[in-house]
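Residue strings, one per chain:
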Amino acid sequence: MKKIEAIIKPFKLDDVKQALSDIGLQGMTITEVKGYGRQKGHKEIYRGAEYLVDFIPKIKIEIAVAADRVDEVLETIQKSANTGKIGDGKIFVMSLEQIIRVRTGETGLEAI
Amino acid sequence: MKKIEAIIKPFKLDDVKQALSDIGLQGMTITEVKGYGRQKGHKEIYRGAEYLVDFIPKIKIEIAVAADRVDEVLETIQKSANTGKIGDGKIFVMSLEQIIRVRTGETGLEAI
Amino acid sequence: MKKIEAIIKPFKLDDVKQALSDIGLQGMTITEVKGYGRQKGHKEIYRGAEYLVDFIPKIKIEIAVAADRVDEVLETIQKSANTGKIGDGKIFVMSLEQIIRVRTGETGLEAI
Amino acid sequence: MTKKSMLLTAVLLLMPISSAFAADVIDSGDTAWIIVATALVMMMTPAGLALFYSGMSRYKNLLNTFAMTFVSYCLGSIIWVVWGYTLTFGPDHGGLIGGLDHLFLNGIDVNSVSGSIPTFVFVLFQLTFAGITVALVLGSVVDRMKFSSWIVFATLWLTFIYCPIAHWVWGGGWMGEMGALDFAGGNVVHINAGVAGLVLALVLGKRKGYGRDAMFPSSVTLTALGAALLWFGWFGFNAGSQLAADGVAGSAFLVTNTSAAMGALAWMFAEWYFTKRPTVLGIASGVVAGLVAITPAAGFVNLQASLIIGLVAGVLGYFSVSTLKLKLGYDDSLDAFGVHGLCGIWGALATGLFASPAISGASGLFYGNPKQLVIQIVSIVATIAFTAIGTLIVVYITKFATGGLRVELDQEVEGLDSALHGERAFEIG
Amino acid sequence: MTKKSMLLTAVLLLMPISSAFAADVIDSGDTAWIIVATALVMMMTPAGLALFYSGMSRYKNLLNTFAMTFVSYCLGSIIWVVWGYTLTFGPDHGGLIGGLDHLFLNGIDVNSVSGSIPTFVFVLFQLTFAGITVALVLGSVVDRMKFSSWIVFATLWLTFIYCPIAHWVWGGGWMGEMGALDFAGGNVVHINAGVAGLVLALVLGKRKGYGRDAMFPSSVTLTALGAALLWFGWFGFNAGSQLAADGVAGSAFLVTNTSAAMGALAWMFAEWYFTKRPTVLGIASGVVAGLVAITPAAGFVNLQASLIIGLVAGVLGYFSVSTLKLKLGYDDSLDAFGVHGLCGIWGALATGLFASPAISGASGLFYGNPKQLVIQIVSIVATIAFTAIGTLIVVYITKFATGGLRVELDQEVEGLDSALHGERAFEIG
Amino acid sequence: MTKKSMLLTAVLLLMPISSAFAADVIDSGDTAWIIVATALVMMMTPAGLALFYSGMSRYKNLLNTFAMTFVSYCLGSIIWVVWGYTLTFGPDHGGLIGGLDHLFLNGIDVNSVSGSIPTFVFVLFQLTFAGITVALVLGSVVDRMKFSSWIVFATLWLTFIYCPIAHWVWGGGWMGEMGALDFAGGNVVHINAGVAGLVLALVLGKRKGYGRDAMFPSSVTLTALGAALLWFGWFGFNAGSQLAADGVAGSAFLVTNTSAAMGALAWMFAEWYFTKRPTVLGIASGVVAGLVAITPAAGFVNLQASLIIGLVAGVLGYFSVSTLKLKLGYDDSLDAFGVHGLCGIWGALATGLFASPAISGASGLFYGNPKQLVIQIVSIVATIAFTAIGTLIVVYITKFATGGLRVELDQEVEGLDSALHGERAFEIG
Ligand SMILES: Nc1ncnc2c1ncn2[C@@H]1O[C@H](COP(=O)(O)OP(=O)(O)O)[C@@H](O)[C@H]1O
Ligand SMILES: Nc1ncnc2c1ncn2[C@@H]1O[C@H](COP(=O)(O)OP(=O)(O)O)[C@@H](O)[C@H]1O
Ligand SMILES: Nc1ncnc2c1ncn2[C@@H]1O[C@H](COP(=O)(O)OP(=O)(O)O)[C@@H](O)[C@H]1O
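The sections below set out a description of the structure shown in this document. Treat the numbers as computed from the prediction; the structure is a model and nothing was measured.

Attention shifts here to the overall build of chain D. Each helix and strand in chain D was counted, giving 17 helices and four strands. Whereas a compact globule of 429 residues would reach a radius of gyration of roughly 22 Å, chain D reaches 21 Å, a difference of no more than 12%. If you line up chain D on its principal axes, its C-alpha atoms span 75 × 50 × 45 Å. Out of the 429 residues in chain D, the part that is buried amounts to 72%. At a minimum sequence separation of 6, the contacts of chain D that also span at least 24 residues come to 77%. When the accessible surface of chain D is totalled, it reaches about 11,300 Å², and 68% of it is carbon and sulfur.

Next comes the structure, spelled out in structure tokens:
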């Protein structure tokens, strides 16, 4: 089992969610995060003082999937989150050793 | 060392925290997240337009533990977070390669 | 490739970001989290009732790096986030199996 | 000597004139002031009190608190013009209640005059008092009451509890006849609402987790803004109760401000001393405590008295919410009883102590009239007794009529904004 | 009989006096009331409406909505004193428009009197109406219009649409001459703004994602507070329109409050019945619906009528935003047309039905004067026709002058607060 | 001719009457207006200014800013009635200070009359000015001052700086005698507060991270709402300063609104031009700049002048906070000096330029009276000098008395809401 974490632009969330639904993925957890990278923030001016806001709002999506579905999911996210502009984000893949469903106590792939 | 991530219902946080304390765990980090899964969101109606709010507020708990305590912790969380209703959440286990305590620079199990 | 997660005190963020820039790291994602640990929260009194606020605001920094830069990054964070007082936080290191840049589809070290 | 009386003097010197004619004259200045005073008191409920209370409720119940406050004023607005006004100010029956002669304001028209203002303005001024009084009650019960039960309760309570007491004091009933002094509503508004709140809170029971879970105010900012708007509106409440723009109104205005400021400083210093922190919630609460206490006294006491009344109110309010409530163990969510009930009692007593003949002719104990204090005590006890018993009956009727007063436990946990209204107070992520 | 008339009686009995002299007398009470009424109406725009509207707009556009509201009032303030007042209240030309005699308020000075108040106060009272009317329009178009286009549009619209209609009704123009009844602005303010908003919304087109994406109000709390402040200010709007502190003002005051309360309860119960949830947004919207509908009728109808007017307005508003809008498919972002346009039409009709001679002498259909209803219908149709066509022209001129009305798509997605103003509404992380 | 004077004419024609009697008459209309004006000015401090300032402070200090504002008004309320009023309006001593005859308002009762209003109302009207003036000062120092130091400072400053200057201008002191024109407080309120703020800010030193860290306003929404409420209240401030509901009040009312609107537009266009973004913070700041500048001039200048005064104020304010402050390098947190100090000076000068005899009889340079400009300059310089030196002394006494003015560094970093008050402004997670 793998855990996929994707950092994407907030307004792309609906598209990504839709695309994942289309390939039959029904579960995910999202977090509001802030990103810092090549995409530069904007200047804000308050009462004459200029501040660079360099952390940009992003959404982090976390998905647990069976190992054999990873490639499909990665491609789906990469395509649906893509705008072609700097700051589109990253996708990370990690290994998951165990999953448990709290409600039933089921474990492993059953629990996804 | 392992990292345990649990997605739970927000109002269960106090119970889980208490249960973990009872087995001697004193450290954790929590994040407000939103979940999407089997549990369906509610409809919201604004000025006649109906919107489905399908992301449901959840709490993510992250805990670093020694490998030998993992099972005990998993069981504790699973029991204390359980309501038996859809949407109770998931627990994920990952491998942790290193831990460092910022204050002292201690590493490994010392740092937990 | 590794993923480094650091839980630090919020007001140390600027210092850490600066220190990481100084060693040439330009990307990171941050999340507002709350921590529970040795550092005790403060008491709040509302209309005579006393509440212990035991979750303390922290910032989680996530950074994907090439494996050979891990030690340097860990040291940089540990030093720049350090105040020497309880609650300075922890740093966790995990293995990353894959990274993809959404914009270009590049993978691996290219994508960082 | 006021303009009005001077004008009458001039006129009377010149020609014979029926006294009825003289009594029925609208004074545009008095009317201007009372229209504005009415608008100010109106604003207190859906803006001032709604903010003050919702800021103190937990975030998940912020909008529910707003809704209950708003709907209280709306219900009061309709009830008052249909049957409330006539029950209160209609022809007296046995000192207990007004007659039904003015249902739907029957018999009052655009030319009707009360004192020196149009009767319609008087009706509306009194309406705003009914509206805020019932809204005050909910401070004891937010976070757990069914919205439907609240609507039924408010309707019954206004009719069977508020109207009679308002009649007793201001509508020609026995309490006013006895000589009880209640300038702007110590008995009618604050003791009444505070005691009713306590009764309702006791029947409802405590909130889940009360005393164990942290129940933080959703926004002290909103509460502080609400307190500021309440203060602003209270000038209409107290100085407007003179029903004229004259010297007594000016005096009521002055002592209202003084007592509020003293209440705020007293509460703040009390908590600073005892808990090491002066809080904004404390300052805001102290403002309200000071305002409550001066309400019955506003047109009767002088500056020095108002300094003392506010000072005591601030300290009393602090102790009642920080010590008394914990000791006695009831869950008066936002302290309607602790602040309005207790400071209202103090204000009614203080009126009997400090009433100075130099203001409006009435004297209290310290000006040689101990009888006044006795009258005040009788009026306080009677108000408490009637409200406590009457509210209890109304509560049980409501419970029966709406199938239980309290929301389901999981709704309480989820929060009433989402569970009952399907809304969130802020969507500012 | 009012103080003023009594005074005049006394004086007239005593000495010969020119009627011009009598007419030019300032009454300090009336002046006090109208100054305050003006301040209240002023407050409605940058505080009441700004909160009401920005709380309903999406979070990313909260401040932009605030900015547009604020700037509307500022532009109105300048335009009115420079050329708006004279276009509206200057000497009539053919029943259509006022002359330019009072550019920069030329010819009016500190001693000028209108009725019983200083002319400067009358000018400012009317100014606040111009300011809020144009601000109401933007409820149809928030979330997508260029700020520069809004400024140009508001300037042109005030000049070429608002001033003529206000002249027709209140400035000696044909509509007033015909006998149309519009006490405080059913035609001039609400129908006018509602229809103009719809036209502008149709030209602008729908917001991206309209009907698909969830467009949640940024803060129902702010909207509810805004509604409370609008209610408070509306007393100045309606009761102030009598331009005196007298019995008719008192009556207008009373029916305004009743209709607002009825509107709120009606909307709330309607949605409770149909969607199972009484919302705070619904209560707040119902308040405004009730206030809009009573506006043209305030000085003409009695209490019973106001209960019905508010009731119908609340239900009408609910159906217009929950059913009609979805059926017809236009994107009236915050329902300026649905609430102000439709409830304004209902109020103008209701005035023709319910006007009671006992209030100000005018009679409607139910008091035996069917002609009044015809007059009202003519005035409504004329207002709609003129506004619709005139606004369309103004919109296209604006589009041409500012190179398109709508923000770039990525600005719309990013949100106008950040894209246009470089600000965030809350920084409370 | 006003109603009042007409009435007197009528009366005087009919019978011999002592002039003392005539002078002591309360006019209910004037009283109605000044009671309301007072309530409006009161509202400016704990609601308008508290929002305006706390919205601009950083989130972690939002409630502390609220607390300081609130407590300023509370302290002012007590100090004024105990010793402030008599120091200001008691019998003059050498043109410098009032006597102690009216400690605790001794000698003033419910029948005392000032002009045509009850003296108690006059006392309270003046009280609200004292309260807001000291609260304005804190705009220079938020985010870093000890709460206890603020309380001591405010008490001393009101007594030793505010009361003397108010006496000089309005209480029969030398500045008024010299003929300085200050209708509603250019010198007394704005220059005074602005300069005091600067002095206090310089002694306190800059905030940690100033010029390096982003210091974002916690909520531009709250600031904009605050500006709207300030505008609303300022009508009481300026038009109320006429102390009557008459033509001059109407004129002051009109020019106040015009200047505010112009200030907002000017600031907005200035920043749009220079930084490409019209901000809501800029619009809100411009409103205040325009209101400050018209304050001393309100009862003396005509419409055209007010357009210019507002225009210049908006641009001046913009440059002072965006250029001057950065150049000179002081840390005037929320620009009390930049906006109130500088625009106050501009307003006082403008009064000397534009005062038109057609309004209240006084003429400025442009109406052939260059002497007035000289008098204005003298009054400005004297105010600055006295305030600067006096405040410096008061600051050092406060520092000594409270063991340092500034919070601990870690408290500053943590934020004063949590460190000093143990509260959070919003708990809306
Ligand atoms: N090394 C990194 N570790 C973790 N997150 C990163 C890293 N680099 C970038 N990110 C995240 O990805 C987002 C997009 O990265 P950025 O460099 O701006 O654009 P792009 O991915 O198009 O090159 C950032 O805002 C940040 O949230
Ligand atoms: N595949 C997944 N990856 C990550 N998080 C998931 C996944 N599936 C579910 N979740 C999280 O778990 C929560 C509960 O899941 P849900 O399917 O609603 O109920 P249950 O766990 O009881 O079957 C979701 O709200 C979401 O936060
Ligand atoms: N076992 C753990 N798992 C995850 N996070 C932890 C754990 N222990 C501590 N933390 C995080 O680290 C923060 C600091 O820990 P704490 O024990 O207070 O101080 P210190 O790290 O200085 O010993 C906590 O607030 C929490 O966010």
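So much for the structure itself; the text now carries on.
Rotating chain D by 120° and moving it 0.0 Å along the rotation axis overlays it on chain E with an RMSD of 0.0 Å. The transformation relating the two chain copies, once decomposed into turn and shift, fits a three-fold axis. The rotation axis passes nearest to the C-alpha of Gly29 of chain D in chain D, at a distance of 2.1 Å.

Right, let's talk about the interface of chain E and chain F for a bit. Quite often, the size of an interface is put as the accessible area lost when its parts meet. Residue-level contacts link 65 residues of chain E with 62 residues of chain F. A buried area of about 5,100 Å², summed over both sides, lies between chain E and chain F, and 80% of it is on carbon and sulfur atoms. Where chain E meets chain F, there are zero salt bridges. The interface formed by chain E and chain F contains eleven residue pairs in polar contact (both at pLDDT 80 or more). Taken together, the residues of the side of chain E that touches chain F break down into 49 nonpolar, ten polar and six charged.

Our next topic: helix 1 (residues 13-22) of chain A. Considered for burial, the residues of helix 1 of chain A that qualify are Leu13, Val16, Lys17, Ala19 and Leu20 of chain A. Buried residues in helix 1 of chain A, looked at end-on, bunch into an arc of 165°, giving them a common side. In the core, the buried residues of helix 1 of chain A are packed alongside strand 1 (2-8), strand 2 (28-36), strand 5 (56-65) and helix 2 (70-80) of chain A together with strand 2 (28-36) of chain B. After helix 1 of chain A finishes, the residue Gly24 of chain A shows a positive phi value of roughly 90°.

Attention now moves to the site of ligand 1. In the neighbourhood of ligand 1, 22 residues make up the surrounding shell, with Arg38 and Gly87 of chain A together with Thr29, Arg101 and Arg103 of chain C lying closest. Proximal residues around ligand 1 fall on chains A and C, making this an inter-chain site. At 3.4 Å, a backbone N or O of Asp88 of chain A approaches an oxygen atom of ligand 1. For ligand 1, a nitrogen atom lies 2.9 Å from a polar atom in the backbone of Ala64 of chain C. In isolation ligand 1 exposes 550 Å². Once the protein is present, 98% of that is buried. In terms of residue count, strand 5 (residues 56-65) of chain C provides more of the shell around ligand 1 than any other element does, three residues in total. Considered class by class, the residues forming the shell around ligand 1 number eight nonpolar, seven polar and seven charged.

As a further point, take the site of ligand 2. Taken together, 22 residues sit near ligand 2, with Thr29, Arg101 and Arg103 of chain A together with Arg38 and Gly87 of chain B positioned nearest. Site remark: ligand 2 is flanked by residues from chains A and B. Side-chain polar atom of Arg101 of chain A to an oxygen atom of ligand 2: 2.6 Å apart, as the coordinates give it. With respect to ligand 2, the backbone of Asp88 of chain B contributes an N or O atom lying 3.5 Å from an oxygen atom. With the chains in place, 98% of the 540 Å² that ligand 2 exposes on its own is no longer accessible. For the shell around ligand 2, the element with the highest residue contribution is strand 5 of chain A, accounting for three residues. The residue makeup of the shell around ligand 2, split by class, is eight nonpolar, seven polar and seven charged.

Let us now look at the interface of chain D and chain E. The interface is formed by 63 residues belonging to chain D together with 62 residues belonging to chain E. For the pair chain D and chain E, the summed buried area comes to about 5,100 Å², and 80% of that belongs to carbon and sulfur atoms. Linking chain D to chain E there are zero salt bridges. Here chain D and chain E share eleven residue pairs in polar contact (both at pLDDT 80 or more) between them. Contributing elements (two or more residues each) for the side of chain D that touches chain E: helix 1 (3-14), helix 3 (28-56), helix 4 (62-89), helix 5 (119-137), helix 6 (147-170), helix 9 (220-240) and helix 17 (416-421) of chain D. At 14 residues, helix 3 of chain D tops the list of elements feeding residues into the side of chain D that touches chain E.

This brings us to the relation of the copies chain E and chain F. In the superposition of chain E on chain F (RMSD 0.0 Å, axial shift 0.0 Å), the rotation amounts to 120°. A low fraction, 18%, of the interface residues of chain E reappear at the interface in chain F, so the copies pair through non-equivalent surfaces.

All chains considered together, the criterion is met by 57 salt bridges over all chains. One salt bridge connects Lys3 of chain B with Glu5 of chain B, and the closest N-O pair in it is separated by 3.1 Å. Since its relative accessible area comes to 1%, Lys3 of chain B is described here as buried. Salt bridges sharing common partners tie together Lys3, Glu5, Lys60 and Glu62 of chain A, Lys3, Glu5, Lys60 and Glu62 of chain B together with Lys3, Glu5, Lys60 and Glu62 of chain C.

Here we come to the pairing of strand 2 (residues 28-36) of chain C. In terms of residue burial, strand 2 of chain C counts as a mostly covered element, since seven of its nine residues are buried. Two elements, strand 2 of chain A and strand 2 of chain C, share three bridges in a ladder whose sense is antiparallel. Bridge pairing links Tyr36 of chain A to Met28 of chain C in strand 2 of chain C. Here seven bridges tie strand 2 of chain C to strand 5 of chain C, and the two strands are oriented antiparallel to one another. Across the sheet, Val33 of chain C pairs through a bridge with Lys58 of chain C, a residue of strand 5 of chain C.

The interhelical angle for the contact between helix 10 (residues 247-275) of chain D and helix 3 (residues 28-56) of chain F, taken along N-to-C directions, is 10°, at an axis separation of 11 Å. Here helix 10 of chain D lies roughly parallel to helix 3 of chain F, going by the angle between them. Crossing hand, helix 10 of chain D versus helix 3 of chain F: left-handed. Between helix 10 of chain D, through Ala249, Phe253 and Asn257 of chain D, and helix 3 of chain F, the contact on the second element is made entirely by Ile35, Thr38, Ala39 and Met42 of chain F. For the contact of helix 10 of chain D with helix 3 of chain F, the per-class residue count stands at five nonpolar, two polar and no charged.

A separate point is the packing of helix 1 of chain A against helix 2 of chain A. Residues and elements named next belong to chain A. Orientation of helix 1 relative to helix 2, taken along the N-to-C sense of each, is 150°, at an axis distance of 9 Å. In terms of orientation, helix 1 and helix 2 fall into the roughly antiparallel class. Where helix 1 crosses over helix 2, the handedness of that crossing is right-handed. The segment helix 1 lies against helix 2, with Asp15, Val16, Ala19 and Leu20 engaging Val73, Thr76, Ile77 and Ser80.

Moving on, we come to the side chain of Ser322 of chain D. Its place among the elements puts Ser322 of chain D in helix 12 (residues 303-328). A polar atom in the side chain of Ser322 of chain D sits 2.7 Å from the backbone oxygen of Tyr318 of chain D. The residues touching Ser322 of chain D, leaving out its near neighbours within four places in the chain, are Arg47 and Gly48 of chain C.

With that settled, the discussion passes to the packing of aromatic side chains. Tallied over the full model, the rule gives 95 aromatic pairs over all chains. Between Phe426 of chain D and Phe426 of chain F, the aromatic rings sit 6.1 Å apart at their centres with planes inclined by 80°, giving edge-to-face as the arrangement. Within this pair, whereas Phe426 of chain D is found in the segment after helix 17, its partner Phe426 of chain F is found in the segment after helix 17 (416-421), the two belonging to separate chains. Judged by its relative accessible area of 7%, Phe426 of chain F falls in the buried class.

Attention now moves to the environment of Ala130 of chain F. Residues and elements named next belong to chain F. One can find Ala130 in helix 5 (residues 119-137). Along the sequence, Ala130 and Val189 sit 59 residues apart, while their C-alpha atoms lie 8.0 Å from each other. Not counting residues within four places of it along the chain, the set of residues in contact with Ala130 comprises Trp80, Leu158 and Tyr162.

It is worth spelling out the environment of Asn82 of chain C at this point. Relative to the elements of secondary structure, Asn82 of chain C occurs in the loop between helix 2 (70-81) and strand 6 (90-95). Classification of Asn82 of chain C by relative accessible area gives partly exposed; the value is 25%. Sequence separation between Asn82 of chain C and Gln98 of chain C is 16 residues, and the spatial gap between their C-alpha atoms is 31 Å. Once residues within four sequence positions are removed from consideration, Asn82 of chain C is found in contact with Val102 and Arg103 of chain B together with Lys12 and Asp88 of chain C. Of the polar contacts made by the side chain of Asn82 of chain C, one reaches the backbone oxygen of Arg103 of chain B; its length is 2.9 Å. At a separation of 2.9 Å, a polar atom in the side chain of Asn82 of chain C contacts the main-chain amide nitrogen of Gly84 of chain C.

The rules behind the values
Residues numbered from 1 in each chain as written. Chains lettered and ligands numbered in written order. Predicted model: local features only at pLDDT ≥ 70, side-chain atom pairs only at ≥ 80, totals over all residues. Heavy atoms only, no water. Helix = DSSP H or I, 4+ residues; strand = E, 2+ residues; numbered from the N terminus. Rg over C-alpha atoms; globule rule 2.2 N^0.38 Å. Buried < 20%, exposed > 50% of the residue type's maximum accessible area, 1.4 Å probe, protein only. Contact = heavy atoms within 4.5 Å. Areas by Shrake-Rupley, 256 points an atom, 1.4 Å probe, with all protein chains shown as cover. Least-squares fit on C-alpha atoms with pLDDT ≥ 70 in both. Buried area = accessible area lost by both parts, 1.4 Å probe. Salt bridge = Lys/Arg side-chain N within 4 Å of Asp/Glu carboxyl O. Polar contact = N/O pair within 3.5 Å; in protein donor to acceptor, adjacent residues only side chain to side chain. Nonpolar A, V, L, I, M, F, W, Y, C, P; charged D, E, K, R; others polar. Arc of directions from axis to C-beta. Near = heavy atom within 4 Å. Pairing = 2+ DSSP bridges. Axes fitted to C-alpha atoms, helices over the stretch in contact; angles between N-to-C directions. Parallel < 35°, antiparallel > 145°, perpendicular 65-115°, else oblique. Left-handed = near helix turned anticlockwise from the far one by under 90°. Phe/Tyr/Trp six-rings, centres within 6.5 Å; stacked < 30°, edge-to-face > 60°.

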